[in-house]
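Tertiary structure, described
Take a look at the letters that make up each chain.
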Amino acid sequence: MKRMGAVFLSVMCMCSAAHTLSAQETINYGTISGRVADPQGAVVPGASVVARHTDTNQSRETVTDRDGRFRFPYLRLGQYAITFRMPGFAETMRQVQVTVGSAFELPITLPLAGVAASIDVVAESTVLEAARSQIAGTVSQQEAASLPMNGRNFLDLALLVPGVSPTNIGSTQLFAETSAVAGQGL
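By convention here, each chain's residues receive numbers from 1 onward along its written sequence. Totals for whole chains, interfaces and linings use all residues, but because this is a predicted model, local features are given only for residues with pLDDT of at least 70 and pairs of side-chain atoms are given and counted only at 80 or more. Think of the side-chain values as coming from all heavy atoms in the structure, minus any hydrogens and water.

1. So, the sheet that holds strand S1 (residues 30-37)
Rules: Paired strands are those between which DSSP finds at least two bridges. Each helix is a run of H or I in the DSSP string that is no shorter than four residues. Each strand is a run of E no shorter than two, and both are numbered from the N terminus. Axis definition: a line fitted to C-alpha atoms, limited for helices to the stretch in contact. Angles are taken between N-to-C directions and run from 0 to 180 degrees.
With respect to topology, three strands assemble into an open sheet ordered S4-S1-S7, the strand pairing being mixed. Edge positions in the open sheet fall to strand S4 (69-75) and strand S7 (103-109), since each of these has one partner strand only. For this sheet, the mean inter-axis angle between neighbouring strands, taken without regard to orientation, is 15°. Note: S1 against S7, seven bridges, orientation parallel. Along S7, the bridge assignment pairs serine 33 with glutamate 105.

This is the structure:
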C-alpha cells in the first residue's frame, strides 16, 4: 500500500512539473490577434490571414471566424509580415515585431478592390500592445555589446526599459522599492 502511494505521488509530481515547464515555455513566444472589418466597420468572416516570419520565411495561416477575429498564438520572436486576403477586397499587409511575451491586437480594415487608388506608404504606424499592462522590453544583442557598463552586470540592461527603476532597499522608507534613489534591486 505504501509503494502504491509513493508511485501515485511520483506520477503527480511529474505531471505537475510538466505543466509548469510548458507554462515557462510560453515566455519565449508572442501572440498576434485581431479583428478584420470592411470600410463601413462590418466584420469580414472567412478572410485568409497569413503570418510570415520574415527572417525564416516560415508561414502560419488561419481564417477569420464569424466575428471577423483571428489569432496566432505561440509565434517565435522576430519580424512578421501579416497579410490579409478576401475576394472583393484589396490585399492588405502589416509589419509587426514580436518580442518576448508580447500580445498584439490588430484592428484591420480591408479596402474594397474595385476602388482605384494609389497609396505610398513611407512608414508603418507603431503597433501598440494594449492587451496587457505589464512592463516588458527587449534589449538587442548589438545594444548589449556596445553599451558601456561598469562590471558588465546584465541587470543594468533592465534599466533601459521604460518604467524600470533601481530601488533603495537601504532606506527607512515604507515602500523602498518605489524610491528613485539608486540601490540594490530593480
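2. Side note on the sheet that holds strand S5 (residues 78-85)
Within the open sheet, the four strands sit side by side as S3-S2-S5-S6. Their pairing is antiparallel. Strands at the two margins of the open sheet, each flanked by one partner only, are strand S3 (58-63) and strand S6 (92-98). For this sheet, the mean inter-axis angle between neighbouring strands, taken without regard to orientation, is 20°.

3. With respect to the pattern of salt bridges
Selection rule: Basic side-chain nitrogens of Lys or Arg form a salt bridge, by our definition, when they fall within 4 Å of a carboxyl oxygen of Asp or Glu. Categorising residues by exposure relies on relative accessible area from a 1.4 Å probe, with only protein chains included: less than 20% of the type maximum marks a residue as buried, more than 50% marks it as exposed, and the intermediate range marks it as partly exposed.
Inspection of every chain in the model, using the stated rule, returns two salt bridges. A salt bridge links glutamate 105 to arginine 69; the nearest nitrogen and oxygen atoms lie 2.7 Å apart. A residue pair is termed long-range when its members are at least 10 positions apart, and glutamate 105 in strand S7 and arginine 69 in strand S4 qualify at 36 residues. Assessed through its relative accessible area of 31%, glutamate 105 is described here as partly exposed. Among the residues examined, arginine 69 registers a relative accessible area of 32% and is labelled partly exposed.

4. Describing the pairing of S6
Of the two faces of S6, only the one carrying Thr92, Arg94, Val96 and Val98 is buried; Met93, Gln95 and Gln97 on the other face are not. Two strands pair when backbone bridges link them, and S5 and S6 are joined in this way by seven bridges, in the antiparallel orientation. Within the sheet, the bridge partner assigned to glycine 78 lies in S6 and is valine 98. With antiparallel pairing between neighbouring strands as the criterion, S5 and S6 make up a hairpin whose turn holds six residues, including glycine 88 at a positive phi of roughly 95°.

5. Some words on the side chain of threonine 31
Keep this limit in mind: Any two residues whose heavy atoms approach within 4.5 Å at even a single point are treated as in contact.
Checked against the element boundaries, threonine 31 lands in strand S1. Relative accessible area serves as the criterion here: at 15%, threonine 31 is assigned to the buried category. Other than its neighbours up to four places away in sequence, threonine 31 contacts Arg71, Phe72, Pro73, Tyr74, Ser102, Ala103 and Phe104.

6. A closer look at the nonpolar core
As a reminder, the rule being used: Side-chain atoms within 4.5 Å are what join buried Ala, Val, Leu, Ile, Met, Phe, Trp, Tyr and Cys residues into a set we call a nonpolar core.
Residues Ile32, Phe70, Ile82, Phe84, Val96 and Leu106 are the most contacted members of the largest nonpolar core, which totals 20 residues. Among the secondary structure elements, those contributing two or more residues to this core are S1, strand S2 (48-53), S4, S5, S6 and S7.

7. A word on unusual backbone geometry
In this structure, asparagine 57 is a non-glycine residue whose phi angle is positive, near 65°. Tracing the backbone shows asparagine 57 in the loop between S2 and S3. A positive phi is found at tyrosine 74, a non-glycine position, where the angle reads about 55°.

8. Observations regarding the environment of methionine 149
With respect to the secondary-structure elements, methionine 149 resides in the segment after helix H2 (141-146). Of the residues examined, methionine 149 reaches a relative accessible area of 18% and is grouped as buried. Once residues within four sequence positions are removed from consideration, methionine 149 is found in contact with Ala144, Asp156 and Leu157.

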